[in-house]
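Remarks on the overall topology
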Amino acid sequence: MTDAIAAGGPASSQMADATPAPEAGALDSLPGHLMMWVLIFSELAAFGALLIGFQVARALQPEVFAAGQGQLDPALAAANTLCLVSSGWFAARASAAAQLGDRRSVWRWCLGACALGIAFIAIKLFEYAGEIGRGADIDGSTFFTLYFLLTGFHLLHVALGVAILIAVAWRADVRAVESGACFWHMVDLVWLVMFPIVYLVR
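Residues numbered from 1 in each chain as written. Predicted model: local features only at pLDDT ≥ 70, side-chain atom pairs only at ≥ 80, totals over all residues. Heavy atoms only, no water.

**So, the nonpolar core**
In terms of nonpolar packing, the biggest core is built from 52 residues, with Tyr147, Trp191, Met194, Val198 and Tyr199 touching the most fellow members. Of all the secondary structure elements, the ones that give two or more residues to this core are helix H3 (34-60), helix H5 (74-99), helix H6 (103-133), helix H7 (142-171) and helix H8 (174-200). Looking at this core, the element that brings in the most residues is H8, giving 15 residues. Apart from residues no more than four positions distant in its own chain, Val198 is found in contact with Phe54, Arg58, Gln69, Leu72, Phe143, Tyr147 and Leu150. (Core = buried A, V, L, I, M, F, W, Y, C linked by side-chain atoms within 4.5 Å. Buried < 20%, exposed > 50% of the residue type's maximum accessible area, 1.4 Å probe, protein only. Helix = DSSP H or I, 4+ residues; strand = E, 2+ residues; numbered from the N terminus. Contact = heavy atoms within 4.5 Å.)

**Thoughts on H8**
Taking 1.5 Å of rise per residue, 27 residues should cover 39 Å, and H8 covers 38 Å from first to last C-alpha, within 8% of that figure. Considering bend angle alone, the principal kink of H8 is centred on Met194 and spans about 30 degrees; proline Pro196 follows within four residues of it. With 19 of its 27 residues buried, H8 lies for the most part within the structure. The N-capping residue of H8, defined by a side-chain oxygen 3.2 Å from the backbone nitrogen of Arg175, is Asp173. (Expected span 1.5 Å × (residues − 1). Bend = angle between axes of the 7 residues up to and from the residue. Polar contact = N/O pair within 3.5 Å; in protein donor to acceptor, adjacent residues only side chain to side chain.)

**Thoughts on the environment of Ala98**
For Ala98, the position within the fold is in helix H5. Classification of Ala98 by relative accessible area gives buried; the value is 4%. Remark: the alpha-carbon pair of Ala98 and Glu178, spanning 80 residues in sequence, is separated by 8.2 Å. Residue contacts for Ala98: discarding those within four places in its chain leaves Val106, Ala172, Val174 and Val177.

**Thoughts on the environment of Ile197**
Positionally, Ile197 belongs in helix H8. Setting aside chain neighbours within four positions, we find Ile197 in contact with Leu51, Phe54, Gln55, Arg58 and Gln69.

**Details of a nonpolar patch on the surface**
A cluster of nonpolar side chains, Leu34, Met35 and Val38, forms an exposed patch at the surface whose accessible area comes to about 300 Å². The residue Leu34 is located in helix H3 in this model. (Patch = residues over 30% accessible without salt bridge, like charges linked within 9 Å, V, L, I, M, F, W, Y side chains within 5 Å. Areas by Shrake-Rupley, 256 points an atom, 1.4 Å probe, with all protein chains shown as cover. Salt bridge = Lys/Arg side-chain N within 4 Å of Asp/Glu carboxyl O.)

**Some details on the packing of aromatic side chains**
For any pair of aromatic rings, geometry is given as the distance between the ring centres together with the angle between the planes. Counted under the stated rule, the structure contains 21 aromatic pairs. Their ring planes at 70 degrees and their centres at 5.7 Å tell us that Trp89 and Phe90 sit as a pair that is edge-to-face. Considering the side-chain rings of Phe120 and Trp191, the 5.1 Å spacing of their centres and the 90 degrees angle between planes classify their relative orientation as edge-to-face. Highlighted residues: Phe120 in helix H6 and Trp191 in helix H8, separated in sequence by 71 residues. By relative accessible area, Trp191 is classed as buried at 1%. (Phe/Tyr/Trp six-rings, centres within 6.5 Å; stacked < 30°, edge-to-face > 60°.)

**So, H5**
In this model H5 runs 38 Å from its N-terminal to its C-terminal C-alpha over 26 residues, within 8% of the 38 Å that 1.5 Å per residue would give. Among the residues of H5, those classed as buried are Ala77, Asn80, Thr81, Cys83, Leu84, Ser87, Gly88, Ala91, Ala94, Ser95, Ala97 and Ala98. Looking at the buried side of H5, the elements it contacts are H6, H7 and H8. Of the residues flanking the start of H5, the one acting as N-cap is Asp73, its side-chain oxygen 3.1 Å from the backbone nitrogen of Ala75.

**With respect to the side chain of Ser95**
Structurally, the position occupied by Ser95 is in helix H5. By relative accessible area, Ser95 is classed as buried at 11%. When residues no more than four places from it in sequence are discounted, the contact partners of Ser95 are Val177, Glu178 and Ala181.

**Concerning the packing of H5 against H6**
Axis separation between H5 and H6 bottoms out at 8 Å; the angle between their running directions is 165 degrees. What the angle tells us is that H5 and H6 run roughly antiparallel. Seen along the crossing, H5 lies across H6 with a hand that is left-handed. For the contact of H5 with H6, the residue count by class is 19 nonpolar, 5 polar and 3 charged. (Axes fitted to C-alpha atoms, helices over the stretch in contact; angles between N-to-C directions. Parallel < 35°, antiparallel > 145°, perpendicular 65-115°, else oblique. Left-handed = near helix turned anticlockwise from the far one by under 90°. Nonpolar A, V, L, I, M, F, W, Y, C, P; charged D, E, K, R; others polar.)

Structure follows, in structure tokens:
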């Protein structure tokens, strides 16, 4: 045994083979850049806190929230949901095209996602105009204070997401496009949670 070790024989080879290989961390398997995921998790935490605050305020002032919801237009919100879900599919297709090295398809799918994002912004601004025309005011009630804060914060993220998708489509780098798609999916997810809480739950 000693001679085999000294000679670098089978025993030393077996000992080397028995050494466990370092395992990749869980974060290494995430698509896109790590810093994008840091941003995504921080933004999800912020939206989570706002939604919890919205629910707590609803429990404390149910009549105020019921009256405020009566002034909203769920049909426009449903149209915006369709825009974001469809744009999320476009973003996923852009990510798949980037992995194949198809720059033209990356551009096409990203621009499609951006067009739907811009449609979301236009519909939301039209909705805001109607609500303000009916007398809604950010200082008018607790409901509308939280409504404009929550949906406005999300609207800013949609605009930021559009800018990010345009930027990553220009490069068509796989990790960059994956990062942009992940941010866009976060925006989709937040809206899918927000839509029933703000517009439907009584």
